[in-house]
Amino acid sequence: MEWFLANIGLVFGLAGQHLVLALIPMLLGLLISIPLAQLARRNSTLRSVVATATSLLYTIPSLALFIILPTILGTRILDPLNVVVALTIYAVALLVRAAMDAFDSVDDDLRNAAVAMGFKPSARFFQVDLPLSLPVLFAGLRVVSVSNISLVSVAALLGVGNLGILFTDGLQRTFVTEVVVGIIAILVLALIMDAVLVVLERLLTPWTRAAAGGGSQPKNGTALLTEPKTGPSLPHAPAQPDPGASA
């Protein structure tokens with residue numbers, strides 16, 4: 001505890017670098033995985049190729065990838081870009097499968113209802129497919145966030161600044177306290193990231209809370225299709241006079 005308080009600035013500084021190196025690849029992986037999964041969902045051959053390729057990518061050892069990438073990218077061995085690219089590859093490998101499962105979880109009846117209501121393909125994707133796939137997609141994001149936060153520490157072996165530096169420095173000096181502080185800091189960072197994703201999911205999927213609470217909202221996101229849209233109202237037909245009113 002005394003060592004942590006004496007070096008709290010160092011720990012928080014390394015935690016900030018660690019968070020950036022974990023968060024950027026997760027966001028890049030999400031942006032790449034969503035359109036790739038949407039394409040793969042429509043083509044069974046492409047789906048099989050993508051699933052196999054992503055499985056193979058995730059088997060590449062992280063330390064080997066960190067060492068090989070500078071040669072491919074023309075960067076320095078200590079360049080954080082190597083870590084970002086490597087973790088983006090791992091994030092895509094995990095998120096593509098999660099995104100395909102997420103899109104598969106959307107009820108076909110809702111898709112057909114959207115088509116019948118005149119939704120164009122792009123509008124249907126952003127207003128129906130993507131929102132309704134968020135619960136499953138966020139489950140994949142939570143796995144990727146934990147995976148990235150864990151893998152970033154491996155880059156400390158190459159001298160890239162992150163909380164893994166506490167491991168390497170503590171091992172070199174045979175100072176267990178520093179290693180323990182590093183482990184706890186990474187665990188806390190992973191828990192914070194997971195909590196943020198849970199809160200974000202709840203904010204973006206309010207209909208799941210309504211369904212869980214037993215409210216009257218339609219399940220499976222049907223409210224996305226049935227709730228009235230804002231806009232000019234249709235003109236009402238003129239009221240017909242009651243024949244018996246003049247009697």
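These lines cover the structure that appears in this document, whether it is placed above or below. Each residue is numbered by its place in its chain's sequence as written, counting from 1. Two thresholds apply to this predicted model, a pLDDT of at least 70 for residue-level local features and 80 or more for giving and counting side-chain atom pairs, whereas whole-chain, interface and lining totals are computed over all residues. No hydrogens and no water enter the side-chain calculation; it runs on all heavy atoms of the structure.

1. What about the overall build of the protein?
A count of helical and extended segments in the protein gives 11 helices and zero strands. Going residue by residue from the N terminus, the α and β elements of the protein occur as α-α-α-α-α-α-α-α-α-α-α. Exposure categories follow from relative accessible area, calculated using a 1.4 Å probe and restricted to protein chains: below 20% of the type maximum is buried, above 50% is exposed, and the middle band is partly exposed. Scored against the burial criterion, the 247 residues of the protein give a buried share of 38%. Restricting the contact set of the protein to residue pairs at least 6 apart, pairs at least 24 apart contribute 72%. Every helix listed is a DSSP run of H or I at least four residues long, and every strand listed is a run of E at least two residues long, numbered separately from the N terminus. What makes two residues a contact is simply this: any of their non-hydrogen atoms within 4.5 Å.

2. Details of the packing of helix α7 (residues 121-152) against helix α9 (residues 176-204)
Relative to each other, α7 and α9 sit at 165°, their axes nearing to 10 Å. Judged by the angle between their axes, α7 and α9 are roughly antiparallel. The handedness of the crossing between α7 and α9 is right-handed. Judged by residue contacts, Leu134, Pro135, Phe138, Leu141, Arg142, Ser145 and Ile149 of α7 engage Ile186, Leu189, Ala190, Met193, Asp194, Leu197, Val198, Leu200, Glu201 and Leu204 from α9. Note on residue categories: nonpolar means Ala, Val, Leu, Ile, Met, Phe, Trp, Tyr, Cys or Pro, charged means Asp, Glu, Lys or Arg, and polar means any other residue, Gly included. Tallied by class, residues from the contact of α7 with α9 come to 13 nonpolar, one polar and three charged. Helix axes are fitted only over the stretch in contact, all axes being lines through C-alpha atoms; the angle between N-to-C directions runs from 0 to 180 degrees. An angle below 35 degrees is treated as roughly parallel, one above 145 as roughly antiparallel, one from 65 to 115 as roughly perpendicular, and anything else as oblique. In this scheme, a crossing is called left-handed if the near helix is turned counterclockwise away from the far one by less than a right angle; it is called right-handed if the turn is clockwise.

3. Observations concerning the packing of aromatic side chains
The criterion for an aromatic pair is that two Phe, Tyr or Trp rings (for Trp, the six-membered ring) have centres within 6.5 Å, with stacked assigned to planes under 30 degrees apart, edge-to-face to planes over 60 apart and tilted to the rest. Applying the stated rule across the entire model yields three aromatic pairs. Ring geometry for Tyr58 versus Tyr90: centroids 5.6 Å apart, planes at 80°, classification edge-to-face. Within this pair, whereas Tyr58 is found in helix α3 (residues 44-58), its partner Tyr90 is found in helix α5 (residues 80-104), the two being separated by 32 residues in sequence. Taken together, a centroid distance of 5.1 Å and an interplanar angle of 80° make the contact between Phe125 and Phe126 edge-to-face. On the basis of relative accessibility, which here comes to 11%, the residue Phe125 falls in the buried class.

4. Description of the side chain of Ser62
Residue placement: Ser62 occurs in helix α4 (residues 62-73). In this view, Ser62 contacts Tyr90, Leu151 and Val154; residues no more than four positions away in its chain are not counted.

5. Some words on the nonpolar core
Grouped together as the largest cluster of nonpolar side chains are 50 residues, with contacts concentrated most on Leu137 and Leu163. Here this core gets 13 residues from one element, more than from any other, and that element is α5. With sequence-adjacent residues up to four places away left out, Leu163 is seen in contact with Val11, Leu14, Ala15, His18, Ala185, Ile186 and Leu189. Residues enter a nonpolar core if they are buried and are Ala, Val, Leu, Ile, Met, Phe, Trp, Tyr or Cys, with the set joined through side-chain atoms within 4.5 Å. Counting seven residues, the second-largest nonpolar core is a separate cluster that includes Val106, Leu110, Phe119 and Leu132.

6. A closer look at the pattern of salt bridges
Salt bridges are defined by distance alone: a side-chain nitrogen of Lys or Arg within 4 Å of a carboxyl oxygen of Asp or Glu. Under the definition given, this model contains seven salt bridges. As a salt-bridge pair, Asp104 and Arg47 come within 2.6 Å of each other at their nearest N and O atoms. With Asp104 in helix α5 and Arg47 in helix α3, the pair connects residues that are 57 residues apart, well separated along the chain. Here Arg173 ties to Glu178 by a salt bridge, and the two come within 2.7 Å at their closest N and O atoms. For Glu178, a relative accessible area of 3% puts it in the buried group.

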